[in-house]
Amino acid sequence: MRITRNVAGRRRRAAIVATTGLTATALLLTGCSDSSEDEGSSKDANGNITLTVADFGQFGYKEAGLFAKYHELHPNITVKEDTTADEKVYYPKLLQQLNSGSGLADVQGLEVGRIKELTDTKADQFADLSKVINAGDFVSWKAKQATTASGALIGAGTDIGPMSLCFNSELFKKAGLPTDRAEVAKLVEGGWEDYLKLGEQYKKKAPAGTFFMDSASAMFNAIVSSNAKQYYDEDGNAIYKDSASVKQGWKLSAEAADKKLTQGLAQFSDPWAAALRKGTIATVACPAWMAGQISVNAGEGNKGKWDITSAPGSSSANWGGSFLGVPSSGKNVDEAIKLVAWLTAPEQQAAVFKAIGSFPSNTGAYDLPGVKDAKLPYFNDAPIGEIYAGEAKSIPEAVLGPKDATIKDTISTQINNMEQRGTDPDDAWDAATKAIDKVIG
């Protein structure tokens, strides 16, 4: 399925996203078989167990009613969730807990930007899931990201982030730009350079107080995410200073800041959320999970004003995605593994997709009702299920490194400084590399 038209010979896999309010039929949620009592478990005198799940951001299990459903299937098991809003706060705490051997939940959420470091340095502190999770059920590269050199699987894949472009069609119309998603896709089909050209067109007639994009750092991450080689090479060497994708992302980010095409708002910050609500942002680089963030923060007053089209360029991209791991020191390891296997099965991943728009990494979900026929009422009924499934299956396998997230976050901070403080690009780059080199050596 394509959303561009009259573009012969282009092998473009359209990237569209899912969020709340998807059109779907009811999902069949299947359970795991009951098991005998585990040695060393934390069952009380009545045989009841409480499983704890620690995660960050929005994994969507509570929103999809999955913890309640699991309790229905297993009346002796109650699942409680401990959510940290910011992953940058969550991860240092997780490392501290792993180092001390205390305070860990039965199930821990693991972000893709951290997974390489965990597989290299902390794998022995997680249960091996390879006997209960079939790697072939997921997009080809997902399980590999959480697999150690010895073949142990420390995390089961949750979502992935196929890329698209979200745009405010009301602002586009006021700026004299096309609002049809196919026409917008055609304007940016040449890549992120075309995206900036579109931004300059927007700026000429932009409604007062509005900006073409929320953040140049978001564009940077989208650009880098569309490449197999990002911050590290296959031998584990940090190559971010010479990486072609990083160079391109930095150059275009500096250009966007210089031309005032960006509002310079760090994503997920309070000012960013307020800008979405006020309708001052015309475009947002949209991995699959981002549409949920936009709909929640922009609110009901902006429903129908947003739409979704293909991400700039011809290559597939993935930004984000997480895993569920089971600390091996837990008191309920066997039951926690069964919960993880159930949560990452196709039916449950489809339920999360329906609830909050996190796109499944388990390919068995792609043909289920509510995924293959998914539409986004909030985003002008954008038809995303079929398109995103094709995108997800063709994303190139990225080379991951132990400090991917740190490098990305540090560079993003300096891009924000260029936008917000007018920092010279050379000075910002020097500050970024010095800070990164202190961490990675």
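Presented here is an overview of the structure given in this document. Here the structure is a predicted model, which is why all the values come from computation and not from measurement. (Residues numbered from 1 in each chain as written. Predicted model: local features only at pLDDT ≥ 70, side-chain atom pairs only at ≥ 80, totals over all residues. Heavy atoms only, no water.)

Counting its regular elements, the protein chain contains 16 helices and eleven strands. Rg of the C-alpha trace for the protein chain: 22 Å, near the compact-globule value of 22 Å for 441 residues, within the 12% margin. Among the 441 residues that make up the protein chain, the fraction classed as buried is 55%. Summarising the internal contacts of the protein chain: among those between residues at least 6 apart in sequence, 79% fall at separations of at least 24. With 47 positive and 54 negative side-chain charges, the protein chain shows a separation of 6 Å between the mean positions of the two kinds. (Helix = DSSP H or I, 4+ residues; strand = E, 2+ residues; numbered from the N terminus. Rg over C-alpha atoms; globule rule 2.2 N^0.38 Å. Buried < 20%, exposed > 50% of the residue type's maximum accessible area, 1.4 Å probe, protein only. Contact = heavy atoms within 4.5 Å. Lys, Arg positive; Asp, Glu negative; His and termini not counted. Charge placed at Lys NZ, Arg CZ, Asp CG, Glu CD.)

If you trace the backbone, I436 turns up in helix α16 (residues 425-440). With a relative accessible area of 0%, I436 lands in the buried category. Taking the C-alpha atoms as reference points, I436 and T406, separated by 30 residues in sequence, lie 7.4 Å from one another. Apart from residues no more than four positions distant in its own chain, I436 is found in contact with Y240, I407, T410 and I411.

Further remarks concern helix α13 (residues 346-356). Among the eleven residues that make up α13, eight are buried, leaving the element largely enclosed by the rest of the structure. Those residues of α13 that fall on the buried side of the exposure criterion are Q348, Q349, A350, A351, V352, F353, A355 and I356. Tucked into the core, α13 has its buried residues touching α1 (66-73), β4 (156-168), α11 (290-298), α12 (333-343) and β9 (359-360). Following α13 by one or two positions, G357 adopts a phi angle in the positive range, close to 90 degrees.

What follows concerns unusual backbone geometry. For K260, which is not glycine, the phi torsion reads 55 degrees and is therefore positive. Position of K260 among the secondary structure elements: in the loop between α9 (244-258) and α10 (270-278).

On to α16. For α16, built from 16 residues, the straight-helix expectation of 22 Å at 1.5 Å per residue is met to within 8% by its first-to-last C-alpha distance of 22 Å. Residues of α16 that are buried: A428, A432, T433 and I436. Within α16, the buried residues cover an arc of 125 degrees as seen down the axis, which keeps them to one side. In α16, the exposed positions that point more than 90 degrees away from the buried face belong to D426, K434 and K438. The elements touched by buried residues of α16 are α9 and α15 (404-421). Downstream of α16 by one or two residues, G441 has phi in the positive range, about 85 degrees. (Expected span 1.5 Å × (residues − 1). Arc of directions from axis to C-beta.)

As a further point, take the nonpolar core. Within the largest apolar cluster, 80 residues are counted, with the highest numbers of intra-cluster contacts made by F379 and I411. Residues in contact with I411, not counting those within four places in the same chain, are F220, Y231, Y240, V246, W250, W429, A432 and I436. Ranked by size, the runner-up nonpolar core spans 49 residues in total, among them V333, L343, A351 and I356. (Core = buried A, V, L, I, M, F, W, Y, C linked by side-chain atoms within 4.5 Å.)

For the rest of this paragraph, the subject is the packing of helix α7 (residues 192-204) against helix α8 (residues 216-225). Interaxial distance between α7 and α8 falls to 11 Å at its minimum, and their mutual angle equals 155 degrees. Relative to α8, the element α7 is oriented roughly antiparallel. As α7 runs across α8, the sense of the crossing is right-handed. Contacts from W192, Y195 and L196 in α7 reach M219, A222 and I223 in α8. Among the residues forming the contact of α7 with α8, the class breakdown is six nonpolar, no polar and no charged. (Axes fitted to C-alpha atoms, helices over the stretch in contact; angles between N-to-C directions. Parallel < 35°, antiparallel > 145°, perpendicular 65-115°, else oblique. Left-handed = near helix turned anticlockwise from the far one by under 90°. Nonpolar A, V, L, I, M, F, W, Y, C, P; charged D, E, K, R; others polar.)

Our focus in this paragraph is the state of the cysteines. Linking two cysteines covalently through their sulfur atoms gives a disulfide. What the rule picks out here adds up to one disulfide. Residue pairing for C166: its cysteine sulfur links by disulfide to C286, the two sulfurs lying 2.1 Å apart. Residues C166 and C286 share a disulfide whose torsion about the S-S bond is about -115 degrees; that sign makes it left-handed. Taken as a pair, C166 in strand β4 and C286 in strand β6 (residues 281-287) lie far apart in primary sequence, 120 residues in all. Relative accessible area serves as the criterion here: at 0%, C166 is assigned to the buried category. Looking at C286, the relative accessible area reads 0%, which means it is buried. (Disulfide = S-S within 2.5 Å.)

Structurally, the position occupied by G401 is in the loop between α14 (385-393) and α15. Between the alpha carbons of G401 and K116 there is a distance of 5.7 Å; along the sequence they are 285 residues apart.

It is at 8 Å that the axes of α8 and α15 come closest, and there the two elements cross at 140 degrees. In the crossing of α8 with α15, the sense of the turn from one axis to the other is right-handed. Two secondary-structure elements touch here, α8 through A216, S217, F220 and N221 and α15 through K408, I411, S412, I415, N416 and E419. Looking at the contact of α8 with α15 residue by residue, the classes come out as four nonpolar, four polar and two charged.

Let us look at the environment of G441. Mapped onto the secondary structure, G441 falls in the segment after α16. Along the backbone, G441 and E255 are 186 residues apart, and their C-alpha atoms lie at a distance of 30 Å.

Below, the discussion takes up the layout of surface pockets. Of the voids in this model, the largest pocket is the one considered here, and its volume is about 1,200 Å³. Put simply, the parts of the chain that give the lining of the largest pocket at least two residues each are α2 (87-100), β4, α8, α11, β8 (318-325), α13, β9 and α15. Tallied by class, residues from the lining of the largest pocket come to 15 nonpolar, 17 polar and eight charged. (1 Å grid on protein atoms, 1.4 Å probe; cavity = no way out; pocket = protein on both sides within 12 Å on 5 of 7 lines; lining within 4 Å. Points joined across faces, edges and corners; volume = space filled by probe spheres on them.)

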